[in-house]
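An overview of the molecular structure
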Amino acid sequence: MRAGILRALGALLAGTSLAVAACGGASSGGQGGKAAPPIKLGMIDTLSGPVAAVGTDGEKGARVAVDEINKAGGVLGRKLQLVTEDEQLSPTASVKAVRDLNSQGVNLLFGFTSSADALAAVPVVKELGMTLVAAHASATELRTTQFVPNFAAVADSDAQSQSAAPEFLHQRFPDVHTWNVFSYDYLTGHQGWNNFTAQMRILDSQFRVGKEVFIPQSATDLTPYITSMLSALPAGSGTTQGVYVFLYGAAEVNLFKQGAPYGLANRFKVILTQGGGYEALANTLKANTPSSWVGYDYSYKAFNTARNRQFVKDFEAANQGTPPDAWAEQSYESVYLYEAAIEKARSDDPAKVMGVFGGLTFEGTQGKVTIQKKDHQALVPQTFTHFEADPGSAQGWKESETVVIWPSKSS
Amino acid sequence: MTAVLLPVVNGVAFAMLLFIVASGLTLIFGVMRVVNFAHGGFFALGAFLTFTLAAGSRLPMAEFALAAVGASLICAALGMVIEVVVFRRIYHLSHTDSLLATYAALLILQGSLILIWGNRPRSQPLPADFGHAVTLMGVQVASYNLLLIALGLLVAVFLWAVLIHTPMGRMVRAVASDRTMSAALGINVDLVFTGMFGLGVFLAGMGGALASPLFQLDSTLASTLVLESFAVVLVGGVGSVLGALIAALLLGLLNSFLVAFDPVLADFSLYIAMAVVLLLRPTGLLGSAAMESR
């Protein structure tokens, strides 16, 4: 009897195990029924601190792209999954973030607000066999002396933006031959002005360099720099000369705030700012916005492509009607770059993905985007938008015109 | 003449703003022996509060002044609460510990700014009556800069008068000199500390309020002018208001002249001045003797 009970129990256990195994096999689909794991994309961007808007807007743009792609069935039948890490505007934190993502099996990266952080990360990305798409970082070194095949860029390079600016200005203001500059007193600031003047010399045989004012990044009181510029300007400069403002962040705003009593904006026929966000100056100064052109690589109103219309619609739906800015768009494009690369490589293996970066094309918000073979730089246009004060409106400013320029120089 | 006058006016205007902020810092350290790292946080808070009270609009000077004073008083009240609740417990600790405590207060203030006003930068316009430049001896000078010069001098005279010529000022100097003896003589040292901290923070908030039309308002404002303020305190001599005034003028003028005549050196003007003065006089220009000599 006892033996019989034991045999019955044994049979019951065996039968239960077989049944569980069969159910497990059925629910996972055996060879074809188990859901494929998602393809993970790692976004490393500035999610905290004073420039957190870059990373948080970037994340919003990336999530719109991920949702769009997943709704359409994913990539190679697999969903995309976004994993984020905070760059913290620190090279050390950035490198740690790269290693953290690698340890989680996330090897397809994009993002980076700061070129310095991207430059720190690139050797580690190469060492670990990952890939990195620069969404915002624009430094020339990433595309030249520090270039590695694991790298690609959606962000416009400094060379692109600074060659497009003279092309636009010479086209639009052919009678302005003398250009002054306010720029940061650091490598990128000087390089940017050198790129600008080099291109201007090619375009305009009458080009002259006016007053050059380079401002230390730590400077708080800009009045001495402003009066230094103003005292060098001749009478009538307001109808004959232009100024190139290559500042960003607080300094760009502080320049015009501290210059307002001196009528700084009226001492130039043309003001072009580059380096800052597309609407940053106007959104901060509102009814005190100077009449100025802003050069940037994206304006949501500037492109009437199907992809851009979809992007703006989906972004506004996900963000209480707020339209996307350039940071959101750059991250959005980065995700679509990966979609195209993974499709072309038929794999999410970073070694295969980086192998198809050069020459890759995909539909972007600005039209067809081509990734150059020599430096994996996306060929993207620059938008130049005119802003001016509009005290009668709720926001205090308006955009009166946008011009799109495809630069002749890409890097 | 123009080549010299312009840097002088620019330098003095900036120096006055710097002095207003640094005077609060030197008073707190001089009396309480606390290095108040949170000073920058109160500077930023004063600026943001002014923006809110002014609704970010271009106000007539009288209304802007009300907003500025209101913002500074709120900062002072908050500062006194923090002094009673937090700092009073750390006076017996080492300088390192009190430094950490004030740094923690700075981080909390900075985080609070983001929590309340968000990450997007703001801008406070200049007061309506001061949005232009005037011509002074052939040189264009922003009228708001002239206002800053006048207010800076007013604050200097006020502090000198209170510290030197009032019974309250004598009490403050006594506590700064010897708190144990002062307590033994019946002076309420805790009250003096709270009052001085409140005054110091009021000056930081006032500095922020006056600076609000000149700078973009964002969370980094807490570190704007802080380095320069500490430099002024060290160069002028800890605890010396007159020393802070002289040091602020020295640093402001040096920077202004270097920008005009040798821009490459302008970024180093702060450090050049600190190095030279501290090498020659390690206690600063007027040192700690200044508060006892009157």
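Keep in mind it's a predicted model, so treat the numbers as computed, not measured.

**Considerations on the domain arrangement of chain A**
Residues and elements named next belong to chain A. When the domains of chain A are assigned, the result is domain 1 (39-156 + 304-380) and domain 2 (159-296 + 383-405). Computed over C-alpha atoms, the centres of domain 1 and domain 2 are 29 Å apart. Domain 1 puts five residues into the contact, and the matching count from domain 2 is nine residues. Its residues placed into classes, the side of domain 1 that touches domain 2 shows two nonpolar, one polar and two charged.

**Topic: the interface of chain A and chain B**
Accessible area lost during the coming together of the parts is what is often quoted as the interface size. Across the boundary between the two partners, chain A contributes 27 residues, which contact 33 residues of chain B. Sorting the residues of the side of chain A that touches chain B by element identifies α2 (52-71), α8 (223-232), α10 (250-259) and α11 (280-285) of chain A as the ones contributing at least two each. Residue composition of the side of chain A that touches chain B, grouped by class: 13 nonpolar, ten polar and four charged.

**Some details on the confidence of the model for chain B**
All names here are of chain B. Across chain B, the average pLDDT comes to 89, with 97% of residues at 70 or higher. Counted against residues more than four places away or in other chains, residues 290-294, with its pLDDT under 50, gives 13 contacts. Both confidence scores are given for the complex: pTM 0.82, ipTM 0.89.

**Side note on the pairing of strand β11 (residues 361-364) of chain A**
Residue and element names in this part refer to chain A. Relative to strand β12 (residues 367-370), β11 runs antiparallel, the two being bridged by four bridges. Residue Phe362 lies in a different strand from β12, and its bridge partner there is Val369. Adjacent in sequence and paired antiparallel, β11 and β12 are bridged by two residues.

**Regarding the nonpolar core**
Core analysis: the biggest nonpolar cluster contains 210 residues, and A:Ala134, B:Leu18, B:Ala248 and B:Leu251 have the highest contact counts within it. With 19 residues, helix α1 (residues 2-32) of chain B is the single largest residue contributor to this core. Shared between two domains, this core takes at least three residues from each, and those domains are domain 1 (39-156 + 304-380) and domain 2 (159-296 + 383-405) of chain A.

**Comments concerning the pairing of strand β3 (residues 108-111) of chain A**
Residues and elements named next belong to chain A. Both faces of β3 are covered, namely the face carrying Leu108 and Phe110 and the face carrying Leu109 and Gly111. Pairing of strand β1 (residues 39-45) with β3 involves four bridges; the strand directions are parallel. The residue of β3 that forms the bridge with Ile44 is Gly111. Read as a crossover between parallel neighbours, the route from β3 over helix α4 (residues 115-127) to strand β4 (residues 131-134) is right-handed.

**Description of unusual backbone geometry**
Residue and element names in this part refer to chain B. For Met137, which is not glycine, the phi torsion reads 50 degrees and is therefore positive. Among the secondary structure elements, Met137 is positioned in the loop between β1 (133-136) and β2 (139-142). Exposure remark for Met137: the 10 C-beta atoms within 10 Å place this residue in the exposed category. Positive phi values are uncommon outside glycine, yet Leu225 reaches one of about 75 degrees. A tally of 27 C-beta atoms within 10 Å means that Leu225 is categorised as buried.

**Describing the sheet that holds β1(A)**
Residues and elements named next belong to chain A. The parallel open sheet is built from five strands, whose spatial order is β2-β1-β3-β4-β5. The sheet is open, and its two edges are formed by β2 (80-86) and β5 (151-153), each paired on a single side. With strand direction ignored, the average angle separating the axes of adjacent strands in the sheet is 25 degrees. Bridge count between β4 and β5: three bridges; the pairing is parallel. Across the sheet, Leu132 pairs through a bridge with Phe151, a residue of β5.

**Considering the sheet that holds strand β7 (residues 208-215) of chain A**
Residue and element names in this part refer to chain A. Pairing is mixed across the open sheet formed by seven strands, whose spatial order is β7-β6-β8-β9-β10-β13-β14. Strands with a single pairing partner mark the edges of an open sheet, and in this sheet they are β7 and β14 (397-405). Neighbour-to-neighbour, the strand axes of the sheet open up by a mean angle of 20 degrees, direction not taken into account. Pairing analysis gives eight bridges linking strand β13 (residues 382-389) to β14, with the strands arranged antiparallel. Bridge pairing in β14 places Glu388 opposite Lys398.

**Regarding helix α2 (residues 39-53) of chain B**
Residues and elements named next belong to chain B. Its 15 residues give α2 an end-to-end C-alpha distance of 21 Å, which sits within 8% of 21 Å, the value for a rise of 1.5 Å per residue. For α2, a buried count of 14 out of 15 residues is recorded, marking the element as mostly surrounded by other parts of the structure. Just downstream of α2, Ala55 is the residue with a positive phi angle, here 55 degrees.

**Description of α8(A)**
Burial within α8(A) is extensive, with seven of its ten residues counted as buried. Taken together, the buried positions of α8(A) are A:Thr223, A:Pro224, A:Tyr225, A:Ile226, A:Thr227, A:Ser228 and A:Met229.

**Remarks on the packing of helix α6 (residues 158-172) of chain A against helix α7 (residues 187-203) of chain A**
Residue and element names in this part refer to chain A. Packing of α6 against α7 leaves a shortest axis separation of 8 Å and a crossing angle of 40 degrees. When the axis of α6 is compared with that of α7, the two are oblique. In the crossing of α6 with α7, the sense of the turn from one axis to the other is right-handed. Taken together, the residues of α7 that come into contact with α6 (itself represented by Asp158, Ala159, Gln162, Ser163, Ala165, Pro166, Glu167 and His170) are Thr188, Gln191, Gly192, Asn195, Phe196, Gln199, Met200 and Leu203. Across the contact of α6 with α7, the residue classes break down as six nonpolar, eight polar and two charged.

**Things to note about the packing of helix α10 (residues 241-261) of chain B against helix α12 (residues 269-280) of chain B**
Any two packed helices are characterised by how steeply their axes cross, that is the angle between the axes, and by the distance between the axes. Residues and elements named next belong to chain B. Between α10 and α12, the least distance of the axes is 9 Å, while the angle of their chain directions is 135 degrees. By the angle between their directions, the pair α10 and α12 is classed as oblique. In terms of crossing hand, the pair formed by α10 and α12 is right-handed. For the pair formed by α10 and α12, the contact residues are Leu250, Leu251, Leu254, Asn255 and Leu258 on the first element and Ser269, Leu270 and Ala273 on the second. Taken together, the residues of the contact of α10 with α12 sort by class into six nonpolar, two polar and no charged.

Calculation notes
Residues numbered from 1 in each chain as written. Chains lettered and ligands numbered in written order. Predicted model: local features only at pLDDT ≥ 70, side-chain atom pairs only at ≥ 80, totals over all residues. Domains from an automatic or database assignment. Contact = placed C-beta atoms within 7 Å. Nonpolar A, V, L, I, M, F, W, Y, C, P; charged D, E, K, R; others polar. Helix = DSSP H or I, 4+ residues; strand = E, 2+ residues; numbered from the N terminus. pLDDT = per-residue confidence, 0-100. Pairing = 2+ DSSP bridges. Core = buried A, V, L, I, M, F, W, Y, C linked by C-beta atoms within 7 Å. Buried ≥ 20, exposed ≤ 12 C-beta atoms within 10 Å, placed from the backbone. Right-handed = clockwise from strand over helix to strand, strands pointing away. Axes fitted to C-alpha atoms, helices over the stretch in contact; angles between N-to-C directions. Expected span 1.5 Å × (residues − 1). Parallel < 35°, antiparallel > 145°, perpendicular 65-115°, else oblique. Left-handed = near helix turned anticlockwise from the far one by under 90°.

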